[in-house]
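# Inside the fold
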Amino acid sequence: MRITVIGCGYLGATHAASMAELGHEVLGVETDEARRATLAAGEVPFYEPGLAELLGRHVASGRLRFTGSAAEAADFGDLHFLCVGTPQSASGLGADVSQVDAAIDALAPHLTRPALVVGKSTVPVGTAARLAARLAELAPAGERAELAWNPEFLREGFAIKDTLEPDRLVFGVGSASAERTLRDFYAPMIDAGSPVVVTDFATAELVKVAANAFLATKISFINAVSEICEVTGADVVDLADAIGHDARIGRRFLNAGIGFGGGCLPKDIRAVLHRAGELGVDDAMSFLREIDDINQRRREYVVGLATSMLGDSLIDRRIGVWGAAFKPDSDDVRDSPALWIAGHLQLRGAQVSVYDPRAGESARRVFPTLTYASSALEAATDADLLLHLTEWPEFRELSLDQVGSVARGRRLLDGRNVLDLAAWRAAGWDARGLGRR
Ligand code: UDX
């Protein structure tokens, strides 16, 4: 099929390249000129494993092109995927949907023949119904320009796999023909076994935020339990292993540590909390405020623990930080707990040297006053304390002898609970985890 992908950020660039991989002719629509030029040159302006190679290949083959013109997009495609960002609003907890509105307003007046506009962005419930009406009003094709809502669940670091082998497809549709079009389009995934849930707009919109709210709740639940472990001497990793064996609970997303960050979980729980308030059902989602608070508390706790490990003063103390990204296999530092902790330690007087295998540049843009090292050992050099804050595999493979020979003090805090604390302790380190024995 000939499709367009409107908004070529994280979600859009991945969707565009992956759909080209499936054999579709894809036109990416990106209004940011610099980003468009980068993509058109076959490069990806952020790090996602495998994406640069996939995108480069399809730009070279001609199956994937980019434009800034909505008119060209309307002329080119029969299916238009809306993938623009919906960040947290600057003035409150709700989502800013101005980019979604602008995309519809730009595209619709050019839709002269039947087309299906498929929303993938994460939006407050009620947005799709509003956009469907706006589309029918503005498009010369009238009601033959239809809307569907098809939320995306991809994880950074696994974006291509999650796009090409989704664990579910959700179609929020207003007609049988929209459902048929989506089933045809996604036939390779459906044939390969991805389950399909066909539903209305509101449910499709809510599925996405409900999924992220549930995942955030799982993480904050185990982090809250970890607080009890801290004061009782219990071990949160053993505990998570034990409750995780219960198939009703499951082990995934029960890793206690410095908490969740990124461009999705934090903003989505705030947006759903805000939307529930607008809908007059504040109480239904008010527990998410507590989920957010537990999450924020982790960061503050680590700053306090690091300070006490250094004798209650950070002045003239050197701290080496391993990790800045909000999770491994990403260079994304949006609301990253790792960078938050590094920044706050520095603001309290410590000299902080940060190393991240991929996120150094993006971290430097957000927090230019930290020192950025070019290797884990460089960050550890002369450090009185080491903090392990993003669980990149390379940090688990470091030689303790080498780290010990460059560090000034033998203190380690593992904020992700994945390092072998027994080995560190055997090598003479005061090595601690979070909620660990
Ligand atoms: C998330 C959802 O998983 C995805 O389905 C949705 O489409 C977008 O939001 P992502 O933001 O890529 O994906 O990250 P995710 O893997 O969910 O991790 C989010 C945060 O939670 C990270 O900071 C991670 O370190 C943290 N986390 C995750 C934990 O602290 N403990 C866990 O057990 C799991």
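Since the structure is predicted, the reported quantities are computational estimates derived from the model, not experimental observations.

## What about the overall build of the chain?
Helix and strand counts for the chain come out as 20 helices and 14 strands. In terms of overall dimensions, the chain is globule-like: its C-alpha atoms have a radius of gyration of 23 Å, near the 22 Å expected for 437 residues. Taking the principal axes of the C-alpha coordinates as reference, the chain spans close to 70 × 50 × 40 Å. A buried classification covers 53% of the 437 residues belonging to the chain. Partitioning the intrachain contacts of the chain with sequence separation of at least 6 by distance along the chain shows that 72% fall at a separation of at least 24. Carbon and sulfur atoms make up 53% of the accessible area of the chain, which amounts to about 18300 Å² in all. Treating the 45 positive side-chain charges of the chain as one cloud and the 59 negative ones as another, the clouds have centres 2 Å apart.

## A few points about the packing of helix α14 (residues 287-309) against helix α15 (residues 337-347)
The contact between α14 and α15 brings their axes to 10 Å, and the two run at 45 degrees. For the element pair α14 / α15, the angle class is oblique. α15 is crossed by α14, and the crossing has right-handed handedness. Contacts between α14 and α15 pair R299, E300, V302, V303, A306 and T307 from the former with P337, W340, I341, H344 and L345 from the latter. Its residues assigned to classes, the contact of α14 with α15 shows 7 nonpolar, 2 polar and 2 charged.

## As for the state of the cysteines
Inspection of every chain in the model, using the stated rule, returns 0 disulfides. Note on C83: no disulfide assigned, nearest cysteine sulfur contributed by C8 at a separation of 7.7 Å. Here C83 falls in the buried class, since its relative accessible area comes to 5%. No disulfide involves C264; its sulfur sits 13 Å from that of C83, the nearest cysteine. Classification of C264 as partly exposed rests on a relative accessible area of 34%.

## Considerations on the site of the ligand
Lining the immediate environment of the ligand, one finds 20 residues, of which F153, L154, E156, F326 and K327 sit closest. The protein chains hide 91% of the 660 Å² of surface that the ligand would expose on its own. Per-element accounting of the shell around the ligand gives the leading share, 4 residues, to helix α10 (residues 201-232). In terms of residue class, the shell around the ligand is built from 10 nonpolar, 4 polar and 6 charged.

## A look at the nonpolar core
One recurring pattern in soluble globular proteins is that nonpolar side chains are buried together. I3, V26, L55, L64, F81, L182 and Y186 are the most contacted members of the largest nonpolar core, which has 37 residues in total. The dominant element in this core, judged by the number of residues it contributes, is helix α1 (residues 10-21), at 7 residues. Once you skip the residues sitting within four places of it in the chain, Y186 turns out to touch H15, F81, K120, N150, L169 and F171. Core analysis: the second largest hydrophobic core is formed by 31 residues, M309, L339, I341 and V352 among them.

## Section: the sheet that holds strand β11 (residues 371-372)
In spatial order, the strands read β11-β10-β9-β12-β13-β14; together these 6 strands make up an open sheet with parallel pairing. Where the open sheet ends on each side, the last strands, each with one partner, are β11 and β14 (430-432). Two elements, strand β9 (residues 318-322) and strand β12 (residues 385-388), share 4 bridges in a ladder whose sense is parallel. If you follow I319 over to β12, its bridge partner there is L385. Lying over the sheet, α14 contacts β12, β13 (411-414) and β14, oriented at roughly 165 degrees with respect to β13. Contacts from α15 reach β9, β10 (351-355), β11 and β12 within the one sheet, and its direction differs from that of β10 by about 160 degrees.

## Some thoughts on the domain arrangement of the chain
Segmentation of the chain into domains returns domain 1 (2-199) and domain 2 (234-437). When each unit is reduced to the centre of its C-alpha atoms, the spacing between domain 1 and domain 2 is 33 Å. Taken together, the 16 residues of domain 1 in the interface contact 19 residues of domain 2. Buried area between domain 1 and domain 2, summed over both chains or domains, comes out near 1400 Å², and the portion from carbon and sulfur atoms is 53%. Considering only the surface of domain 1 that becomes buried against domain 2, Y47, L93 and E156 emerge as the three largest contributors, covering 48% of it. One salt bridge connects E156 with R334, and the closest N-O pair in it is separated by 3.3 Å. Put simply, domain 1 and domain 2 have 7 residue pairs in polar contact (both at pLDDT 80 or more) between them. Partitioned by chemical class, the residues of the side of domain 1 that touches domain 2 number 8 nonpolar, 6 polar and 2 charged.

Thresholds, definitions, all that
- Within each chain, residues carry numbers counting from 1 in the order of the written sequence.
- Reporting of local features is limited, given that this is a predicted model, to residues whose pLDDT is at least 70; pairs of side-chain atoms are given and counted only at 80 or more, and all residues count toward the totals for whole chains, interfaces and linings.
- Heavy atoms throughout the structure, all of them, feed into the side-chain values; hydrogens and water do not.
- Secondary structure follows DSSP: runs of H or I at least 4 residues long count as helices, runs of E at least 2 residues long count as strands, and numbering of each begins at the N terminus.
- Computation of the radius of gyration draws on C-alpha atoms, with the globule rule given as 2.2 Å multiplied by the number of residues to the power 0.38.
- For every residue, the accessible area obtained with a 1.4 Å probe (protein chains only) is divided by the maximum for its type, and the residue is called buried under 20%, exposed over 50%, and partly exposed between those limits.
- Every residue pair with non-hydrogen atoms within 4.5 Å of one another is taken to be in contact.
- Only the protein chains shown count as cover for residues, with accessible areas throughout obtained via the Shrake-Rupley method and a probe of 1.4 Å.
- A residue counts as positive if it is Lys or Arg and as negative if it is Asp or Glu; His and the chain ends are not included.
- Charged groups are reduced to one reference atom each: NZ for lysine, CZ for arginine, CG for aspartic acid, CD for glutamic acid.
- Axis lines are fitted to C-alpha atoms, over the contacting stretch for helices. Their N-to-C directions set the angle, which ranges from 0 to 180 degrees.
- An angle below 35 degrees is treated as roughly parallel, one above 145 as roughly antiparallel, one from 65 to 115 as roughly perpendicular, and anything else as oblique.
- Left-handed is the label given to a crossing in which the near helix is rotated counterclockwise from the far helix by less than a right angle, and right-handed is the label when the rotation is clockwise.
- When residue character is reported, Ala, Val, Leu, Ile, Met, Phe, Trp, Tyr, Cys and Pro are called nonpolar, Asp, Glu, Lys and Arg charged, and the others, Gly included, polar.
- Criterion for a disulfide: a pair of cysteine sulfur atoms within 2.5 Å.
- Throughout this document, a residue counts as near a molecule or strand when at least one of its heavy atoms sits within 4 Å of that molecule or strand.
- The set of buried Ala, Val, Leu, Ile, Met, Phe, Trp, Tyr and Cys residues whose side-chain atoms join them within 4.5 Å is what this entry labels a nonpolar core.
- Pairing between strands requires that DSSP locate at least two bridges from one strand to the other.
- The split into domains, and so the bounds of each, comes from an automatic or database assignment of domains.
- Buried surface area refers to the total accessible area, computed with a probe of radius 1.4 Å, that the two partners give up upon joining, counted for both partners together.
- Salt bridges are defined as contacts in which a side-chain nitrogen from Lys or Arg sits within 4 Å of a carboxyl oxygen from Asp or Glu.
- Contacts described as polar in this section are N or O atom pairs within 3.5 Å, which, within protein, must combine one atom able to donate a hydrogen with one able to accept it, while residues neighboring in sequence count only if both atoms come from side chains.

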